[in-house]
Amino acid sequence: MHRVVSTLNKPVLRFAPSPNGYLHLGHALSALICQEWAQALDGRFLLRIEDTDLSRSRPHYTEAIYDDLAWLGLSWEEPVRIQSEHLKDFETALTQLYADGLAYPAPASRKEIARAVEQLDGETIDWPRDPDGSPHYPFGDRDRRERLDVMPEDCPIRLDMHAALEKLAVMRLPEKRMTSLTSAPETTMTDPSVWGDVLLRGRDRPATYHLAVVVDDALQGITHVVRGLDLEQATSIHRLLQELLGLPAPIYHHHRLITGKDGRKLSKSEGAKSLRSLRRAGLSAEAVRARLLDTRQS
Ligand code: GLU
């Protein structure tokens, strides 16, 4: 009799690069660890192309991602989810936040924001910045009395952090983490307010990374998010958006960033070398894999 292997209830993991450049060793490490976790957990391994930043994403980088990952020896389930083909899903989530009074139109350009913040920096001790270094939105557009009932099209939209925390009546949110494959999940509390009124939709971004990642992790049933420590701080805003949108929260593992043989951070030039330039220089995929898996400590 034909045996059907059920994928129901299996852990689901994903590697989710952005096609705005060639993959480098840091991406390779992330992809390898993610696949290693998927195998160890007897889970599924998905690939997602995060290309909602229309000004920076290029189809030829997407093709290069498939090619480089296959060269590295990775395989993933088809079809690959390409975010730009599902913009409606992000708009639906954004409309929900807007209708709930948790998002507002914020038309100021990056230049206008920078100029206003420059002034504020002189007046205040330090205008707050989010963990990525972007200044908190310095204008008063969040005033609810001014808000249109229907979300305007073609205007950047920001999350109203104050309204969001007020709605949930919390200051911090629980985040489930696993520090290693063998450790039990533990819960820590994270503080999303450090992100301020994050951008959810930009002029050339129908959905920003933070919005798109939580929507797609939920739609794809991701149970374990395995990604680099450089994204650890982003998890607090992802947890907040999940709560506001009523989406399930995955377990998070943030792996170490690449280090050299001596345990120190790889130099910029070494770390930033694209996989294809290493391949062209004659390095084998086995050597890259051995090098990366050998030098990481988690
Ligand atoms: N697309 C993101 C990046 O390339 C990673 C997304 C994630 O793993 O959450 O940095």
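Residues numbered from 1 in each chain as written. Predicted model: local features only at pLDDT ≥ 70, side-chain atom pairs only at ≥ 80, totals over all residues. Heavy atoms only, no water.

S.K.: What should I look at first to understand the overall build of the chain in this one?
M.R.: The helix and strand inventory of the chain stands at ten helices and ten strands. What you see for the chain is a C-alpha radius of gyration of 20 Å, in line with the 19 Å of a compact globule of 298 residues. Principal-axis analysis of the C-alpha atoms places the extent of the chain at approximately 60 × 55 × 35 Å. Across the 298 residues of the chain, 47% fall into the buried class. Looking at the chain as shown, the accessible area adds up to about 15,600 Å², and 51% of this sits on carbon and sulfur atoms. Each charge class in the chain was averaged separately, 39 positive and 43 negative side chains, and the resulting centres sit 4 Å apart. (Helix = DSSP H or I, 4+ residues; strand = E, 2+ residues; numbered from the N terminus. Rg over C-alpha atoms; globule rule 2.2 N^0.38 Å. Buried < 20%, exposed > 50% of the residue type's maximum accessible area, 1.4 Å probe, protein only. Areas by Shrake-Rupley, 256 points an atom, 1.4 Å probe, with all protein chains shown as cover. Lys, Arg positive; Asp, Glu negative; His and termini not counted. Charge placed at Lys NZ, Arg CZ, Asp CG, Glu CD.)

S.K.: Help me understand the pattern of salt bridges in this model?
M.R.: For side chains bearing opposite charge, pairing can occur when the charged atoms are close. Throughout the structure, instances matching the rule amount to 21 salt bridges. The partner of Asp42 in a salt bridge is Lys10, and the shortest N-O contact between them spans 3.3 Å. Linking Asp42 in the loop between helix H1 (25-40) and strand S2 (44-49) with Lys10 in the segment before strand S1 (12-15), this pair joins segments that are 32 residues apart in sequence. Note on Lys10: relative accessible area 22%, which makes it partly exposed. One continuous salt-bridge network, built from bridges that share partners, spans Arg14, Arg48, Glu50 and Asp217. (Salt bridge = Lys/Arg side-chain N within 4 Å of Asp/Glu carboxyl O.)

S.K.: I tried to follow the side chain of Arg147 on my own but got confused; where do I start?
M.R.: Turning to its location among the elements, Arg147 is positioned in the loop between helix H4 (110-123) and strand S5 (157-159). Looking at Arg147, the relative accessible area reads 14%, which means it is buried. Within the structure, the side chain of Arg147 is placed 3.0 Å from the backbone oxygen of Gly101, a separation counted as a polar contact. Reaching out from Arg147, the side chain makes a polar contact with the side chain of Asp160 at a distance of 2.9 Å. Discounting chain neighbours no more than four positions away, the residues touching Arg147 are Tyr98, Gly101, Leu102, Ala103, Tyr104, Pro105, Arg142 and Asp160. (Polar contact = N/O pair within 3.5 Å; in protein donor to acceptor, adjacent residues only side chain to side chain. Contact = heavy atoms within 4.5 Å.)

S.K.: Would you explain the site of the ligand in this entry?
M.R.: By nearness alone, every residue bordering the ligand is listed as Arg14, Ala16, Pro17, Ser18, Glu50, Tyr209, Val213, Arg227 and Leu231. Taking Ser18, its side chain carries an N or O atom lying 3.0 Å from a nitrogen atom of the ligand. Arg227 has a polar side-chain atom sitting 2.8 Å from an oxygen atom of the ligand. The fraction of the free accessible surface of the ligand (300 Å²) that becomes covered by protein chains is 79%. The class makeup of the residues in the shell around the ligand is five nonpolar, one polar and three charged. (Near = heavy atom within 4 Å. Nonpolar A, V, L, I, M, F, W, Y, C, P; charged D, E, K, R; others polar.)

S.K.: I tried to follow the environment of Met161 on my own but got confused; where do I start?
M.R.: Mapped onto the elements of the fold, Met161 is located in helix H5 (residues 161-168). Beyond its immediate sequence surroundings of up to four residues, Met161 is in contact with Pro192, Ser193, Trp195, Gly196, Asp197, Ile237 and Leu240.

S.K.: Help me understand H5 in this model?
M.R.: Along an α-helix, residues three or four positions apart point the same way, because every turn accommodates 3.6 residues. Considered for burial, the residues of H5 that qualify are Met161, Ala163, Ala164 and Leu165. Where the residues of H5 are buried, they touch S5 and helix H7 (234-245).

S.K.: What is the right way to read H4 from this model?
M.R.: Taking 1.5 Å of rise per residue, the 14 residues of H4 would be expected to cover 20 Å, and the 20 Å separating its terminal C-alpha atoms lies within 8% of that figure. Among the structural elements, S5 are those in contact with the buried residues of H4. (Expected span 1.5 Å × (residues − 1).)

S.K.: Just checking my understanding: could you explain the packing of aromatic side chains for this structure?
M.R.: Throughout the structure, instances matching the rule amount to four aromatic pairs. Here the aromatic rings of Tyr104 and Tyr137 are separated by 6.3 Å at their centres, their planes lie at 55°, and the arrangement is tilted. With Tyr104 in strand S4 (residues 103-105) and Tyr137 in the loop between H4 and S5, this residue pair connects regions lying 33 residues apart in the sequence. Judged on exposure class, the residue Tyr104 and its partner Tyr137 are both buried. Taken together, the aromatic side chains of Tyr104, Tyr137 and Phe139 make up a single cluster linked through ring pairs. (Phe/Tyr/Trp six-rings, centres within 6.5 Å; stacked < 30°, edge-to-face > 60°.)

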